[in-house]
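Understanding the architecture of this molecule
Chain by chain, the residues run as shown.
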Amino acid sequence: MSAAAIQQRLDELGITLPAVAEPAAAYVPFVQTGQLVFISGHIAKRPDGEPWTGQLGLNMDTATGQQAARAIAIDLMGTLKAACGGDLGRVKRIVKLMSLVNSTPTFTEQHLVTNGASELFQAVFGTEVGSHARSAFGVAQIPRGACVEIELIAELAP
């Protein structure tokens, strides 16, 4: 898919991709090896840039968790765009997402929370490029108290 077509889909969805955020610890935002780019985990942030905190099953419901996961997907696409040298048309495939959901021991809808990100990648890149393998885990805590953290692996065209 061309960069123009991807930008058109983002515009239709009312999405403006952010610049790459500064790492909060001793890591880099992404690493490319061969044609694969590995994007470090991004935590859920509210529109003001503060962490979107909460625990699924305690003080946050699945629908809100999906919104947080969708917000992460937007941040991930901003980082992916930087990894592509500004050309999202180079994305050959979203290969895999790994999602960590801050949740109680009895919460079992981590997979549904993560759909907030997965569905956005499919909407932006189309099902052929945007569909991906995925893992979704429930965890006891995420840095800064965030409700969700997601990392991404993508394949780029040369």
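Please refer to the structure higher up on the page.
Residues numbered from 1 in each chain as written. Predicted model: local features only at pLDDT ≥ 70, side-chain atom pairs only at ≥ 80, totals over all residues. Heavy atoms only, no water.

**Digging into the overall build of the protein**
- Secondary structure assignment for the protein yields 3 helices and 5 strands.
- Counting from the amino terminus, the protein carries its helices and strands in the arrangement α-β-β-α-β-α-β-β.
- Here the protein has a C-alpha radius of gyration of 15 Å; the compact-globule value for 158 residues is 15 Å, and the two agree.
- Its C-alpha atoms give the protein principal-axis dimensions of roughly 45 × 35 × 30 Å.
- Classification of the 158 residues of the protein by burial places 44% in the buried group.
- Look at the contacts in the protein between residues 6 or more apart in sequence, and 80% of them connect residues 24 or more apart.
- Accessible area of the protein: about 7700 Å², with a carbon and sulfur share of 53%. (Helix = DSSP H or I, 4+ residues; strand = E, 2+ residues; numbered from the N terminus. Rg over C-alpha atoms; globule rule 2.2 N^0.38 Å. Buried < 20%, exposed > 50% of the residue type's maximum accessible area, 1.4 Å probe, protein only. Contact = heavy atoms within 4.5 Å. Areas by Shrake-Rupley, 256 points an atom, 1.4 Å probe, with all protein chains shown as cover.)

**A look at the side chain of E149**
- Following the sequence through the fold, E149 ends up in strand 5 (residues 148–156).
- No salt bridge is formed by the buried E149; its nearest oppositely charged neighbour, R144, is found at 11 Å.
- With residues near it in sequence (within four places) discarded, E149 still touches G41, H42, I43, I72, M98, S99, L100, I142 and P143. (Lys, Arg positive; Asp, Glu negative; His and termini not counted. Salt bridge = Lys/Arg side-chain N within 4 Å of Asp/Glu carboxyl O.)

**What about the nonpolar core?**
- In terms of nonpolar packing, the biggest core is built from 40 residues, with L80, L88, V91, F121 and F125 touching the most fellow members.
- Put simply, the parts of the chain that give this core at least two residues each are helix 1 (3–12), strand 2 (36–43), helix 2 (62–83), strand 3 (91–102), helix 3 (110–130) and strand 5.
- Looking at which element gives the most residues to this core, the answer is helix 2, with 10 residues.
- Every residue in contact with F121, bar those within four places of it in the chain, is listed here: A73, L76, M77, I94, L97, G126, G130, H132 and L152. (Core = buried A, V, L, I, M, F, W, Y, C linked by side-chain atoms within 4.5 Å.)

**A word on the packing of helix 1 against helix 3**
- Direction vectors running N to C along helix 1 and helix 3 enclose 150 degrees, while the axes themselves pass 10 Å from each other. One finds that helix 1 runs roughly antiparallel with respect to helix 3. Regarding helix 1 and helix 3, the two cross each other, and that crossing is right-handed. The residues of helix 3 that touch helix 1, namely those facing I6, R9 and L10, are Q122, A123, V124, F125 and G126.
- Here the contact of helix 1 with helix 3 is built from residues that sort into 5 nonpolar, 2 polar and 1 charged. (Axes fitted to C-alpha atoms, helices over the stretch in contact; angles between N-to-C directions. Parallel < 35°, antiparallel > 145°, perpendicular 65-115°, else oblique. Left-handed = near helix turned anticlockwise from the far one by under 90°. Nonpolar A, V, L, I, M, F, W, Y, C, P; charged D, E, K, R; others polar.)

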